[in-house]
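# Tertiary structure, described
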Amino acid sequence: MTRIAFLGLGHMGLPMAVNLVRAGHDVHGFDLVPAAIDAARAAGIPVASSGADAVADAEVVITMFPAGKHVITAYSDELLAAAPSGTLFIESSTIAVDEARTAHEMAVAAGHRNVDAPVSGGVVGAENGTLAFMVGGSDEDFAAALPLLEAMGKRIVHCGGPGLGQAAKVCNNMILAVSQIAVAEAFVLGERLGLEHQALFDVVSQASGQCWSITTNCPVPGPVPTSPANRDYQPGFAGALMAKDLGLALQAIDQTGTDARMGRLAQQLYAAFAEGDGAARDFSGIITDIREGTV
């Protein structure tokens with residue numbers, strides 16, 4: 001049994017914390033949002049009075065925050081100073097590569113260990129314990145984190161040194177955004193050519209256009225009963241989060257001088273989508289804007 005402080009008990013963090021409890025670990029949580037605190041208590045997660053209190057006797061600290069600035073601030077303001085020496089910090093937020101490396105350097109300078117371990121799989125993956133983790137850090141720290149990550153996920157990949165978990169995540173989500181847009185455009189084109197949704201799905205899901213955006217996140221109601229399209233595009237993975245992740249991708253594209261025209265275009269389309277009600281809808285809901293020509 002490991003003593004774990006889990007900070008950030010939102011839609012992703014809470015089910016991840018619950019799976020750690022189910023695996024036999026001693027988990028204490030904290031969140032700034034009262035509704036998240038209430039939900040955590042209802043799920044049987046003890047909640048500390050502050051982040052510092054949560055990490056005071058922890059062996060491992062897991063953070064799942066909205067953005068890199070929250071990670072850096074929490075590390076510098078209270079977490080690193082309050083945690084026992086040698087604590088393993090697992091940073092599972094999706095943040096910029098340079099922010100992940102800064103967080104790593106801060107943790108090491110304070111006498112701790114750190115890996116960046118962003119996730120893929122959405123709320124369903126968090127609830128079912130089937131997340132994918134992309135991990136950046138030393139071999140030793142990855143090995144220490146692995147049993148805990150296996151309690152929350154199904155596929156855990158060590159991507160290399162500090163920050164490279166975030167590098168893999170930003171590349172993965174750029175691919176996902178581009179493919180989701182392409183699938184949405186294809187279904188709109190099919191509609192206008194007179195194709196039934198099911199017929200197009202039956203072809204593409206077994207042909208060279210097959211991808212996750214078709215077989216799991218199909219953007220039209222019907223073919224995939226569990227897709228967000230069958231529940232009025234309730235996320236899932238919200239459009240605002242995809243827009244945020246593509247902002248990180250754009251930052252990395254610019255920093256590296258990469259010629260990534262499809263990535264840039266996807267960022268522009270999702271930024272426009274997230275300016276309206278797409279912010280709170282599943283990112284596959286961009287098909288509605290494509291139909292209307294508003295992205």
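Read on for a plain summary of the structure. (Residues numbered from 1 in each chain as written. Predicted model: local features only at pLDDT ≥ 70, side-chain atom pairs only at ≥ 80, totals over all residues. Heavy atoms only, no water.)

## Digging into the overall build of the protein chain
Summing up its helical and strand segments, the protein chain has 13 helices and eight strands in all. Viewed in the frame of its principal axes, the protein chain has a C-alpha envelope of about 65 × 45 × 35 Å. For the protein chain, the proportion of its 295 residues judged to be buried stands at 50%. Taking as baseline every contact in the protein chain between residues at least 6 positions apart, the subset at least 24 positions apart corresponds to 66%. Carbon and sulfur atoms make up 56% of the accessible area of the protein chain, which totals about 13000 Å². Of the charged side chains in the protein chain, 16 are positive and 31 negative, and the gap between their average positions amounts to 3 Å. (Helix = DSSP H or I, 4+ residues; strand = E, 2+ residues; numbered from the N terminus. Buried < 20%, exposed > 50% of the residue type's maximum accessible area, 1.4 Å probe, protein only. Contact = heavy atoms within 4.5 Å. Areas by Shrake-Rupley, 256 points an atom, 1.4 Å probe, with all protein chains shown as cover. Lys, Arg positive; Asp, Glu negative; His and termini not counted. Charge placed at Lys NZ, Arg CZ, Asp CG, Glu CD.)

## Side note on helix α5 (residues 97-109)
Taking 1.5 Å per residue as the helical rise, α5 with its 13 residues ought to reach 18 Å, and the 18 Å between its terminal C-alpha atoms agrees with that figure. Inspection of α5 places Ala100, Ala103, His104 and Ala107 among the buried residues, and these make up the whole buried set. Looking down the long axis of α5, one finds its buried residues gathered within 100° of arc, a one-sided arrangement. Turned more than 90 degrees off the buried face of α5, the exposed positions are Glu105 and Ala109. Against α4 (68-82), β5 (113-116) and α8 (164-193) lie the buried residues of α5. After α5 finishes, the residue glycine 111 shows a positive phi value of roughly 90°. (Expected span 1.5 Å × (residues − 1). Arc of directions from axis to C-beta.)

## With respect to the pattern of salt bridges
Side chains that differ in sign of charge can pair as their charged atoms come close. Inspection of every chain in the model, using the stated rule, returns four salt bridges. In this structure, glutamate 59 engages arginine 3 in a salt bridge whose closest nitrogen and oxygen atoms are separated by 3.9 Å. Pair noted here: glutamate 59 is in the loop between α3 (51-55) and β3 (60-63) and arginine 3 is in strand β1 (residues 3-7), with a separation of 56 residues, a long-range link. Its relative accessible area of 37% is what places arginine 3 among the partly exposed residues. Of the charged contacts in the structure, one is a salt bridge between aspartate 259 and arginine 261, with a shortest N-O distance of 3.3 Å. In this structure aspartate 259 comes out as exposed when scored by relative accessible area, which is 58%. (Salt bridge = Lys/Arg side-chain N within 4 Å of Asp/Glu carboxyl O.)

## Quick look at the packing of α8 against helix α9 (residues 197-204)
With their axes 10 Å apart at the nearest point, α8 and α9 run at an angle of 130° to one another. In this view, α8 runs oblique relative to α9, as classed from their interaxial angle. Of the two elements, α8 crosses α9, and the hand of that crossing is right-handed. Judged by residue contacts, Ala186, Phe187 and Glu191 of α8 engage His197, Leu200 and Phe201 from α9. (Axes fitted to C-alpha atoms, helices over the stretch in contact; angles between N-to-C directions. Parallel < 35°, antiparallel > 145°, perpendicular 65-115°, else oblique. Left-handed = near helix turned anticlockwise from the far one by under 90°.)

## Overview of the nonpolar core
For soluble globular proteins, the rule of thumb is that nonpolar side chains tend to be buried together. Membership of the largest hydrophobic core comes to 33 residues, with the highest contact counts inside it found for Phe6, Met16, Leu20, Ile90, Phe133 and Leu149. When contributions to this core are tallied by element, the ones reaching two or more residues are β1, α1 (13-22), α2 (34-42), β3, β4 (88-91), β7 (131-136) and α7 (139-152). By residue number, the principal contributor to this core is α7, which donates six residues. Not counting chain neighbours up to four residues away, the residues in contact with phenylalanine 133 comprise Met16, Ser92, Ala117, Pro118, Val119, Leu149, Met152, Gly153, Arg155, Ile156 and Val157. Of all hydrophobic cores here, the second largest spans 30 residues; its members include Ala177, Cys218, Tyr233 and Ile286. (Core = buried A, V, L, I, M, F, W, Y, C linked by side-chain atoms within 4.5 Å.)

## Re the packing of α8 against helix α11 (residues 239-256)
Where α8 contacts α11, the two axes come as close as 9 Å, and the packing angle between them is 115°. In this structure, α8 meets α11 at a crossing whose hand is left-handed. Where α8 approaches α11, its residues Lys169, Val170, Asn173, Met174, Leu176 and Ala177 are matched on the opposing element by Met242, Asp245, Leu246, Leu248, Ala249 and Ile253. Split into classes, the residues belonging to the contact of α8 with α11 amount to nine nonpolar, one polar and two charged. (Nonpolar A, V, L, I, M, F, W, Y, C, P; charged D, E, K, R; others polar.)

## Some points on the pairing of β3
A regular strand places its side chains on the two faces of the sheet in alternate fashion. Side chains of β3 alternate between two faces, with Val60 and Ile62 and Val61 and Thr63 buried alike. Summarising the sheet, β1 and β3 pair through four bridges and their orientation is parallel. Pairing of alanine 5 across the sheet is with valine 61, part of β3. As judged from the four bridges shared by β3 and β4, these two strands associate in the parallel manner. In the strand pairing of β4, threonine 63 is matched with glutamate 91. This β-α-β element, β3 to α4 to β4, shows right-handed connectivity. (Pairing = 2+ DSSP bridges. Right-handed = clockwise from strand over helix to strand, strands pointing away.)

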